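# Fold and contact review
These are the residues of each chain, in order.
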Amino acid sequence: MASEKLSGDGSFTKRCHELLEHRYGFQQALLTTSGTDALELAALLASIGPNDEVIVPSFTFVSSANAFALRGARIVFADSCGDNPNVDPDELERLITPKTKVIVVVHYAGMACEMDRIMTIAQHSGVMVVEDAAQALDATYNGMPLGSFGVFSAFSFHDTKNITCGEGGLLVVNDSRYARRAEIIREKGTNRAAFFRGEVDRYGWLELGSSFLPSELNAAFLLGQLERIEDIQARRAQILSTYLAELGPVLSRAGIDMLQPRARCVGNAHTFYLVLRSLQERSDLLQFLSSHGISAASHYNSLHRSVYFRSLHGDRALPASDRFSDCLLRLPLYFGLHEREQAFIVESVRGWVKALSPR
Ligand SMILES: *Cc1c(COP(=O)(O)O)cnc(C)c1O
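Read on for a plain summary of the structure. Please read these numbers as outputs of a predicted model, since none were measured by experiment. Numbers given for residues are sequential positions, taken from 1 along each chain in its written order. Local features in this predicted model are restricted to residues of pLDDT 70 or higher, and side-chain atom pairs are both shown and tallied only at a pLDDT of 80 or more, whereas totals for entire chains, interfaces and linings draw on every residue. The basis for the side-chain values is all heavy atoms of the structure; hydrogens and waters are excluded.

Overall, mixed pairing links the seven strands, which are arranged 1-9-8-5-4-2-3 in an open sheet. Of all the strands in the sheet, the pair left with one neighbour each is strand 1 (28-32) and strand 3 (74-78). Neighbour-to-neighbour, the strand axes of this sheet turn through a mean angle of 20°, independent of strand direction. Pairing between strand 2 (residues 53-57) and strand 3: five bridges, direction parallel. If you follow Ile-55 over to strand 3, its bridge partner there is Val-76. Two strands are counted as paired when DSSP detects at least two bridges linking them. Counting from the N terminus, the helices are DSSP H or I runs at least four residues long and the strands are E runs at least two residues long. In this analysis, axes come from line fits to C-alpha atoms, helices being fitted only over the stretch in contact, and the angle between any two N-to-C directions falls in the range 0 to 180 degrees.

We now examine a nonpolar patch on the surface. Taken together, Met-1, Leu-6 and Leu-217 make up a surface patch of nonpolar side chains, about 320 Å² in accessible area. Secondary-structure assignment places Met-1 in the segment before helix 1 (11-24). For Met-1, a relative accessible area of 74% gives the class exposed. Distance thresholds for patches are 9 Å for like charges and 5 Å for nonpolar side chains (Val, Leu, Ile, Met, Phe, Trp, Tyr), applied to residues having over 30% relative accessible area and no salt bridge. Accessible areas in this description were obtained via Shrake-Rupley with a 1.4 Å probe; residue shielding takes into account the shown protein chains only. Just to be clear on terms, a salt bridge is a Lys or Arg side-chain nitrogen sitting within 4 Å of an Asp or Glu carboxyl oxygen. For the exposure calls, accessible area comes from a 1.4 Å probe over protein chains only, and a residue counts as buried if that area is under 20% of its type's maximum, exposed if over 50%, partly exposed in between.

For the rest of this paragraph, the subject is the sheet that holds strand 11 (residues 265-266). Read across the sheet, three strands follow the order 7-6-11 without closing on themselves; strand pairing throughout is antiparallel. In the strand order of this sheet, the two ends are held by strand 7 (144-145) and strand 11, each with one partner.

With that out of the way, let us pick up the pattern of salt bridges. All chains considered together, the criterion is met by 23 salt bridges. As a salt-bridge pair, Asp-175 and Arg-177 come within 2.7 Å of each other at their nearest N and O atoms. On the accessibility criterion, Asp-175 (15% relative accessible area) is buried. The exposure class assigned to Arg-177 is exposed, which follows from its relative accessible area of 71%. Residue Arg-228 is joined to Asp-231 by a salt bridge in which the shortest nitrogen-to-oxygen separation is 2.7 Å. Through salt bridges with shared partners, one network takes in Arg-23, Asp-138 and Glu-230.

Attention shifts here to the packing of aromatic side chains. Centre distance within 6.5 Å is the pairing criterion for rings of Phe, Tyr and Trp, where only the six-membered ring of Trp is used; planes under 30 degrees apart are then read as stacked, over 60 as edge-to-face, and the remainder as tilted. Considering all chains together, one arrives at 15 aromatic pairs under this definition. For the ring pair Phe-195 and Phe-196, a centre distance of 5.5 Å and an interplane angle of 55° mean the geometry is tilted. By way of ring pairs, the aromatic residues Phe-59, Phe-61, Tyr-108, Tyr-273, Tyr-300 and Phe-324 are connected into one cluster.

This next bit is on the side chain of Asp-138. Mapped onto the secondary structure, Asp-138 falls in the loop between strand 5 (128-132) and strand 6 (140-141). By the criterion applied in these results, polar contacts are pairs of N or O atoms within 3.5 Å in which, for protein atoms, one can donate a hydrogen and the other can accept it, and in which residues neighboring in sequence qualify only through two side-chain atoms. A polar atom in the side chain of Asp-138 sits 2.5 Å from the side chain of Tyr-24. Any pair of residues with heavy atoms lying within 4.5 Å of one another is described as a contacting pair. Not counting residues within four places of it along the chain, the set of residues in contact with Asp-138 comprises Arg-23, Tyr-24, Ile-229, Gln-233 and Asn-268.

With nine of 11 residues buried, helix 2 (residues 35-45) lies mostly within the body of the structure. Taken residue by residue, helix 2 has Gly-35, Asp-37, Ala-38, Leu-39, Leu-41, Ala-42, Ala-43, Leu-44 and Leu-45 as its buried positions. The secondary structure elements touched by the buried residues of helix 2 are strand 1, helix 3 (62-69), strand 5, strand 8 (152-156), strand 9 (169-173) and helix 6 (179-186). Ser-47 occupies a position one or two residues after helix 2 and carries a positive phi of about 50°.

Here the focus is the site of the ligand. Near, as used in this document, describes a residue that has one of its heavy atoms within 4 Å of the molecule or strand being considered. Around the ligand, 14 residues are found, and the nearest of them are Gly-35, Thr-36, Asp-132, Ser-156 and Lys-161. Relative to its unbound accessible surface of 390 Å², the ligand loses 93% to contact with the protein. Each residue receives one of three labels: charged for Asp, Glu, Lys and Arg, nonpolar for Ala, Val, Leu, Ile, Met, Phe, Trp, Tyr, Cys and Pro, and polar for the others, Gly being one of them. Classifying every residue of the shell around the ligand gives four nonpolar, eight polar and two charged.

On to the packing of helix 1 against helix 8 (residues 216-227), then. The contact between helix 1 and helix 8 brings their axes to 8 Å, and the two run at 35°. Two packed elements cross with a definite hand, and for helix 1 against helix 8 that hand is left-handed. Contacts from Ser-11, Phe-12, Thr-13, Arg-15, Cys-16, Leu-19 and Leu-20 in helix 1 reach Glu-216, Ala-219, Ala-220, Leu-222, Leu-223, Leu-226 and Glu-227 in helix 8. Residues belonging to the contact of helix 1 with helix 8 are distributed by class as follows: nine nonpolar, two polar and three charged. Note on convention: the crossing is left-handed when the near helix lies turned anticlockwise from the far helix by less than a right angle, right-handed when the turn is clockwise.

Turning our eyes to something else, we now look at the environment of Arg-350. Considering the arrangement of structural elements, one finds Arg-350 in helix 13 (residues 339-354). A C-alpha to C-alpha distance of 8.2 Å links Arg-350 and Leu-251, two positions 99 residues apart in sequence. Contacts of Arg-350, omitting those with residues within four sequence positions, involve Glu-246, Leu-247 and Val-250.

Listed below in structure tokens is the structure:
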């Protein structure tokens, strides 16, 4: 407030950009007003149009698809892996056509997709990869930060994410050929950023764009969060490892899947989820937990079955995505979750699982 500069791209935004570029080695970090906006900015930068196909996992948030659908692209939904919600690389191989321009990968729960294979597939077919890393800040694959694989990557700072400023996002540009256009499209299609750096003596309209930059108020809040990221992540990791240790054996014995550590991936403790054996079983557990004051939650409904899209999808079945839609349940995981509260959640879930009839 004291700086009197409240609109975007002031000193707080700059410090966020520097911190993110330095901590993760991103080429160019640009704060946006949301993760959704970062994806829309990516779709504009990739020059997506009506003749393009974009492959998107069906088990994701609407914005992963919406951003490209808004540009007129044909969205082709891909199924998840059998054992986790991320996109199945075999599906990508099957679905790529000469019209495919972009593959959107979503690192669900902050656990990386199989990026080695996906990048190889993309390179062979000349397709761009855009990472929807909305949930994946601070996670890595083969030691590389998520968000550094795609040409473009989108992060979210929505208050459901690990690091937040209420509503906010980040576009990462990993190919310097797009650096200047990214800055222009983000500033209403103008070279205002270059003007403020003193590089030109007036700014003008150079191409289509929109207003993607957050205010300094949001950036200042975000900087406060980013400066505490080690503490926030450490506490979340502790909560996640408690869930894994305390619930893992009980759940496995009952044949109930859950988030599992995966080779080459270091997650960011964004979510801890179970995968129940049926929709009915998930409804029962949600109801049971809710009656004990525990707010567990399901997650995405397969987008290929959504009201908006189902008539455009045809009848290609995506059974893995549907299973996660029907059976996945998330337990509370947030910085302020008290140990006592987590112990109560663990006891409640254990009690419910033990009362299940064996299958
Ligand atoms: C949160 C999220 C988004 C959207 O981010 P907003 O900042 O809410 O616009 C997009 N994709 C995924 C996978 C998300 O989890």
